Amino acid sequence: MQTGYQGVFPIQPGCCDDPGHRSETYPLLTHALMSLARVCSLTALVLFLSGCGENYPSDWPGISKPWFSNCPDLTGTYLVGRIEADRGYHVWLSGTPFMPDAGARGRGADWDVMSVSGDIDEALKLRFTRSPELIDALSRRKDVSSERSRKIFQARQTPENRWSESNRRLTDAQFAASLNLTPAKTEVLRTLRYSTDYACSGGWMTADDAWNSNPVTDDGEAHSISSLPTLRLGRDRSGGLIVHRTTVVDVEFSIWCGDHCQGFSLGKTTHHSWGRAIPIAASNESPATPAAPAWLGDFQASTQHALTPTGPAAARMDEAKKLLLPRIAKNVSLVDLEPAGSGVRAIFSARDTDTLTPLFDSLQHSDHGEPSIFYTMAVESLTHVSPTDVRLQLWMELPPAEMRLAREPLRVALLALLPKQVLVTYYGSGRGKYGVSIESPNRVHVSTLLRNIDASPLFQGADMVVTSESASKVAVDITFVDRE
């Protein structure tokens, strides 16, 4: 933005510096010269009032003002920023209403093309997009400086992380939110309304100056600034968008500077600064659709459990089916089930991934009061067979039959003490000591369970550790012992 001071400027000598002498011999010529002088004076006054007398940059196209309207025509497409070789980014319209965010004031602006449409007497519609040069600069600016940080950042957005134990129960939207990534916008739309965001006066658009509290330094001398209440925005003769900012400056003469400078005032002067956004051709291209994130793609685990037709789980396939089939939702199909080591490999089919994610709760947490169906689970692959067919390959470890029988008395005894809102996800016991993991909508029901255990004729010494907590769920590990 070019700046300069305006004091009192005399009219420069030219065609009208001297009206000439009154001539007795040539009264018609004298009258003509005086008329020309009046025209020249009027022309100079018009130029001065139009901005040329307010330190308007001499190498810019002249100011274009409407003849029969109080408001300028600002419709068009403009380049509102510039990228330097050192990746520096300059905003030419900062502090004006022509910003993507009304509160941005130029900081962190990530848009360099602005299109203006609408009727300025009612409202203007702004559309901000990015040039290819800015897109490249922003991608380089977002590079993570640390190699380790970059690898961690990239690993969080992989299918492996999406289907890890900590994230597989989440819907796609929930997982995307957990990454704390703002969706990549391709445009920003904003509407400015007459009399609310701006007004018009003398062929200029006027608006409040968002810089009215910013300090200004000129020629190394600090001055106290009080901004005038408005900016002026208009057009130049090449179609560019120009901004005129005016501030009143206290000019001081510094005598001595110690802890702070002291001096005396030389009065006030007016400081003018100008900004200009050049016109560019409007792009007819629609905003590019952001590429789908990598974690939405197919997934193949690096290691998978081998099928074992004669392994330990082969003899328990009927038991596995009885455990599995009642807990599969109607909109999910079991395509295949085979023994694999100490567990089973199942392939499920559904219309999308969000239909498959509830499987993990239904298979691992089961019904109220029931122990976990499967000890551990591992997603071995996820494949998009078609837009409406997603296949999930899941390995599930079967608990040893004898251990399930040993936990049964504990399950039955605890079931009588369990509030109906509490879900048991794990049972464990050994030598008079017991442990359970539970999930509850809140801590109230957890406290009820603790009191029921301590009041039971079978158990005592209930203690708990909160393992996770959110607004809708608290997970707790509880330990207790046989009553003496």
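To keep things clear, this report deals only with the structure shown in the data block.

Reading the values: the criteria
- Residues numbered from 1 in each chain as written.
- Predicted model: local features only at pLDDT ≥ 70, side-chain atom pairs only at ≥ 80, totals over all residues.
- Heavy atoms only, no water.
- Helix = DSSP H or I, 4+ residues; strand = E, 2+ residues; numbered from the N terminus.
- Buried < 20%, exposed > 50% of the residue type's maximum accessible area, 1.4 Å probe, protein only.
- Contact = heavy atoms within 4.5 Å.
- Areas by Shrake-Rupley, 256 points an atom, 1.4 Å probe, with all protein chains shown as cover.
- Pairing = 2+ DSSP bridges.
- Core = buried A, V, L, I, M, F, W, Y, C linked by side-chain atoms within 4.5 Å.
- Salt bridge = Lys/Arg side-chain N within 4 Å of Asp/Glu carboxyl O.
- Patch = residues over 30% accessible without salt bridge, like charges linked within 9 Å, V, L, I, M, F, W, Y side chains within 5 Å.
- Axes fitted to C-alpha atoms, helices over the stretch in contact; angles between N-to-C directions.
- Disulfide = S-S within 2.5 Å.
- Polar contact = N/O pair within 3.5 Å; in protein donor to acceptor, adjacent residues only side chain to side chain.
- Arc of directions from axis to C-beta.
- Expected span 1.5 Å × (residues − 1).
- Phe/Tyr/Trp six-rings, centres within 6.5 Å; stacked < 30°, edge-to-face > 60°.
- Lys NZ or Arg CZ within 6 Å of the ring centre and 35° of its normal.

1. As for the overall build of the chain
Point 1. For the chain, the helix and strand inventory stands at 10 helices and 24 strands.
Point 2. Out of the 484 residues belonging to the chain, those deemed buried represent 37%.
Point 3. For the chain, the share of sequence-separated contacts (at least 6 apart) that also reach a separation of at least 24 residues comes to 63%.
Point 4. Carbon and sulfur atoms form 55% of the exposed surface of the chain, whose accessible area is close to 27700 Å².

2. What about the pairing of strand S8 (residues 188–193)?
Point 1. Of the two faces of S8, the one lined by Val188, Arg190 and Leu192 is fully buried and the one lined by Leu189, Thr191 and Arg193 carries no buried residue.
Point 2. Note: strand S7 (residues 123–129) against S8, 6 bridges, orientation antiparallel. In the sheet register, Leu124 faces S8, and the bridge partner there is Leu192.

3. Observations regarding the nonpolar core
Point 1. The biggest cluster of nonpolar side chains holds 28 residues, and the ones touching the most others in it are Leu324, Phe348, Leu356, Leu363 and Met396.
Point 2. Of all elements in the fold, only helix H6 (317–324), strand S18 (343–350), helix H8 (358–364), strand S19 (377–386) and strand S20 (389–397) reach the threshold of two or more residues within this core.
Point 3. With residues up to four places along the chain from it excluded, the contact list for Leu356 reads Val332, Phe348, Ser349, Ala350, Leu382, Val390 and Leu392.
Point 4. One finds Cys71, Val80, Phe98 and Cys200 within the second-largest nonpolar core, a separate group that totals 24 residues.

4. Details of the pattern of salt bridges
Point 1. This structure, assessed with the given rule, holds 10 salt bridges.
Point 2. Across the salt bridge formed by Glu187 and Arg127, the nearest N and O atoms sit 2.6 Å from each other. Taken as a pair, Glu187 in the loop between helix H5 (172–178) and S8 and Arg127 in strand S7 lie far apart in primary sequence, 60 residues in all.
Point 3. Among the residues examined, Arg127 registers a relative accessible area of 25% and is labelled partly exposed.

5. Examining a nonpolar patch on the surface
Point 1. A cluster of nonpolar residues, Phe253, Ile255, Phe264 and Leu266, forms a patch on the protein surface that exposes about 440 Å² of accessible area.
Point 2. Position of Leu266 among the secondary structure elements: in strand S15 (residues 261–279).

6. So, the sheet that holds S18
Point 1. Reading across from one edge, S16-S19-S20-S18-S17 is the order of the 5 strands in this open sheet, with antiparallel pairing throughout. Lying at the two open borders of the sheet, with one neighbouring strand each, are strand S16 (299–300) and strand S17 (333–340).
Point 2. Its contacts with the sheet put H6 on S17, S18 and S20, and the angle it makes with S17 is roughly 145 degrees.

7. Digging into the environment of Leu392
Point 1. Mapped onto the secondary structure, Leu392 falls in strand S20.
Point 2. Its relative accessible area of 1% is what places Leu392 among the buried residues.
Point 3. Note: C-alpha distance between Leu392 and Phe348 (44 residues apart in sequence) is 5.1 Å.
Point 4. For Leu392, the contacting residues outside a window of four places in its chain are Ala346, Ile347, Phe348, Leu356, Leu359, Phe360, Val379, Ser381 and Leu382.

8. What about the state of the cysteines?
Point 1. Counting across every chain of the model gives 1 disulfide.
Point 2. With a sulfur-sulfur separation of 1.9 Å, Cys71 is cross-linked through a disulfide to Cys200. Given an S-S torsion of about 115 degrees, the disulfide between Cys71 and Cys200 has right-handed geometry. Note that Cys71 is positioned in the loop between strand S2 (63–64) and strand S3 (76–79) and Cys200 in strand S9 (residues 199–201), a separation of 129 residues in sequence.

9. Here's the deal with the environment of His272
Point 1. By the element assignment, His272 lies in strand S15.
Point 2. In this structure the C-alpha to C-alpha distance between His272 and Tyr56, which are 216 residues apart in sequence, comes to 8.3 Å.
Point 3. Only 2.8 Å separates the side chain of His272 from the side chain of His244, close enough to count as a polar contact.

10. A look at H6
Point 1. Restricting attention to buried positions, one finds in H6 the residues Met317, Ala320, Leu323 and Leu324. In a view along the axis of H6, the buried residues occupy a sector of 120 degrees, so they form one face of it. Along H6, the residues that are exposed and aim more than 90 degrees away from the buried face are Asp318 and Lys322.

11. Points about helix H10 (residues 443–455)
Point 1. For H10, which comprises 13 residues, the first-to-last C-alpha distance of 18 Å matches the rise-based estimate of 18 Å (1.5 Å per residue) to within 8%.
Point 2. When we look at burial in H10, the residues that qualify are His445, Val446, Leu449, Leu450 and Ile453. Projection of H10 onto a plane perpendicular to its axis shows the buried side chains occupying an angular sector of 145 degrees, all on one side. Exposed positions of H10 whose direction lies more than 90 degrees from the buried face are Val444, Arg451 and Ala455.

12. Quick look at the packing of aromatic side chains
Point 1. A complete count under the given rule lists 6 aromatic pairs for this structure.
Point 2. Plain terms: the ring middles of Phe175 and Trp295 are 4.9 Å apart, the flat faces sit at 70 degrees to each other, and that makes the pair edge-to-face. Of the two residues, Phe175 sits in helix H5 while Trp295 sits in the loop between S15 and S16, which places them 120 residues apart along the sequence. The same class applies to Phe175 and to Trp295, which are both buried.
Point 3. Among the aromatic residues, ring-to-ring pairing joins Tyr56, Trp60, Trp204 and Trp274 into one connected group.
Point 4. One cation-aromatic arrangement involves Arg130 over Trp111; the distance from NZ or CZ to the ring centre is 3.7 Å.
Point 5. Here the guanidinium or amino end of Arg162 rests over the ring plane of Trp163, the centre of that ring lying 4.3 Å away.

These figures capture arrangement, not role.
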